[in-house]
Amino acid sequence: MTKPAVGIIMGSASDWATMQHCAETLDQLGVVYEKRVISAHRTPHLAFEWCTSAEARGLKVIIAAAGGAAHLAGVAAALTPLPVLGVPMESASLKGMDSLLSMVQMPGGIPVATLAIGKPGAINAALFAGAILALSDAKTKKAVDDYRTAQTKKVAETQLP
Ligand code: RP5
């Protein structure tokens, strides 16, 4: 895999502190990705161009993060048939409940698979993307299996103080 299979987009550079955990997890799985700040509200024309060209550029899964009035994942899902995984950012004022609700409440017909608020959602979006890619890529399947095995071993061997 040399061409990006996953596109990570986020509404603001301020989302990167959370979404770097998504990128790190994709790195652990050996999944190639591209990442970019794209805002549904501040750069709507870029959002349209990026999302409508995503499939033709070879992307297989899109991970979209946004906070507050978090419309980026829904807009992406409206513009591409690719699976869109949404990560609600933990916002300052409402702790991410605003992000979660505005992301998860999609109308029937245009799905967004919304993960947990913040870092757990960022990590799980990468693992979910890996699981999707693993359906048709043996190397990614092994990486996902190995990740889970290592995690199970680590938790089982945890010693409390
Ligand atoms: C959203 O607004 C972004 O996804 C971010 O989570 C939030 C705040 O953005 P900044 O004001 O920090 O750029 O669009």
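Up top you'll find the structure we're talking about.
Residues numbered from 1 in each chain as written. Predicted model: local features only at pLDDT ≥ 70, side-chain atom pairs only at ≥ 80, totals over all residues. Heavy atoms only, no water.

### Concerning the layout of surface pockets
Here is the rule: Detection works on a 1 Å grid of protein atoms alone, calling trapped sets that fit a 1.4 Å probe cavities and calling open sets with protein on both sides within 12 Å along at least five of seven lines pockets, with lining residues defined by an atom within 4 Å of a point. Grid points are joined across faces, edges and corners, and a volume is the space filled by probe spheres set on the points. Note on residue categories: nonpolar means Ala, Val, Leu, Ile, Met, Phe, Trp, Tyr, Cys or Pro, charged means Asp, Glu, Lys or Arg, and polar means any other residue, Gly included.
Here the largest pocket is characterised by a volume of approximately 210 Å³. Lining the largest pocket are G11, S12, S14, D15, S39, A40, H41, R42, A66, G67, A69 and L72. Across the lining of the largest pocket, the residue classes break down as four nonpolar, six polar and two charged.

### A look at a nonpolar patch on the surface
Worth spelling out the cut-off: Residues with no salt bridge and a relative accessible area higher than 30% make up the patches, which join like charges within 9 Å and nonpolar side chains (Val, Leu, Ile, Met, Phe, Trp, Tyr) within 5 Å. The accessible surface values rely on the Shrake-Rupley method and a 1.4 Å probe; as for residues, cover is taken only from the protein chains in view. Criterion for a salt bridge: a side-chain nitrogen of Lys or Arg within 4 Å of a carboxyl oxygen of Asp or Glu. Secondary structure elements are defined from DSSP: runs of H or I of at least 4 residues count as helices, runs of E of at least 2 residues count as strands, and each element is numbered from the N terminus.
A surface patch of nonpolar side chains, amounting to about 350 Å² of accessible area, comprises L94, M97, L101 and V104. Following the sequence through the fold, V104 ends up in helix 4 (residues 97–104).

### Some points on the pairing of strand 4 (residues 84–88)
The test is simple: Burial status follows relative accessibility: with a 1.4 Å probe on protein chains alone, a residue under 20% of its type maximum counts as buried, one over 50% as exposed, and anything between as partly exposed. Between any two strands, pairing holds if DSSP finds at least two bridges. We call a crossover right-handed when, viewed with both strands directed away from the observer, the connection leading from the first strand over the helix to the second proceeds clockwise.
For strand 4, the tally of buried residues reaches five of five residues, placing the bulk of the element in the interior. Where burial is concerned, the two faces of strand 4 agree: the one with V84, G86 and P88 and the one with L85 and V87 are both buried. In this structure, strand 3 (residues 61–66) lies alongside strand 4, joined through five bridges in parallel fashion. Note on strand 4: the bridge partner recorded for A65 is V87. In terms of handedness, the path from strand 4 via helix 4 over to strand 5 (residues 113–114) forms a crossover that is right-handed.

### Notes on the packing of helix 1 (residues 16–29) against helix 5 (residues 119–134)
Selection criterion: Orientation is described by lines fitted to C-alpha atoms, with helices fitted over the stretch in contact, and by angles between N-to-C directions that extend from 0 to 180 degrees. Angle categories: roughly parallel below 35 degrees, roughly antiparallel above 145, roughly perpendicular from 65 to 115, and oblique for all the rest. Here a crossing is taken to be left-handed if its near helix is turned anticlockwise relative to the far helix by less than a right angle, and right-handed if that turn runs clockwise. Any two residues whose heavy atoms approach within 4.5 Å at even a single point are treated as in contact.
One can describe the packing of helix 1 onto helix 5 by two numbers: an axis separation of 7 Å at closest approach and a directional angle of 30°. In terms of orientation, helix 1 and helix 5 fall into the roughly parallel class. Taken as a pair, helix 1 and helix 5 cross one another with a handedness that is right-handed. Within the contact between the two elements, helix 1 uses T18, M19, H21, C22, T25, L26 and L29 and helix 5 uses K119, A122, I123, A126, L127 and G130. Per-class residue counts for the contact of helix 1 with helix 5 are eight nonpolar, four polar and one charged.

### Notes on the site of the ligand
Applied cut-off: Neighbouring residues are identified by heavy atoms, a residue being near a molecule or strand if any of them is within 4 Å of it. Throughout this description, a polar contact denotes any pair of N or O atoms lying within 3.5 Å of each other; where both atoms belong to protein, one of them has to be capable of donating a hydrogen while the other can accept it, and for residues adjacent in sequence the pair is counted only when both atoms sit in side chains. A molecule is counted as occupying a cavity or pocket when more than half of its atoms fall within 2 Å of that pocket's grid points.
Residues in contact with the ligand, as listed here, are G11, S12, S14, D15, R42, A66 and G67. Here S12 contributes a side-chain N or O atom positioned 2.6 Å from an oxygen atom of the ligand. Within the side chain of R42, an N or O atom sits 2.8 Å from an oxygen atom of the ligand. For the ligand, the protein covers 65% of the area, taking 360 Å² as the surface of the free molecule. In this structure the site holding the ligand corresponds to the largest pocket. In terms of residue class, the shell around the ligand is built from one nonpolar, four polar and two charged.

Read these as layout, nothing more, since geometry by itself doesn't imply function.
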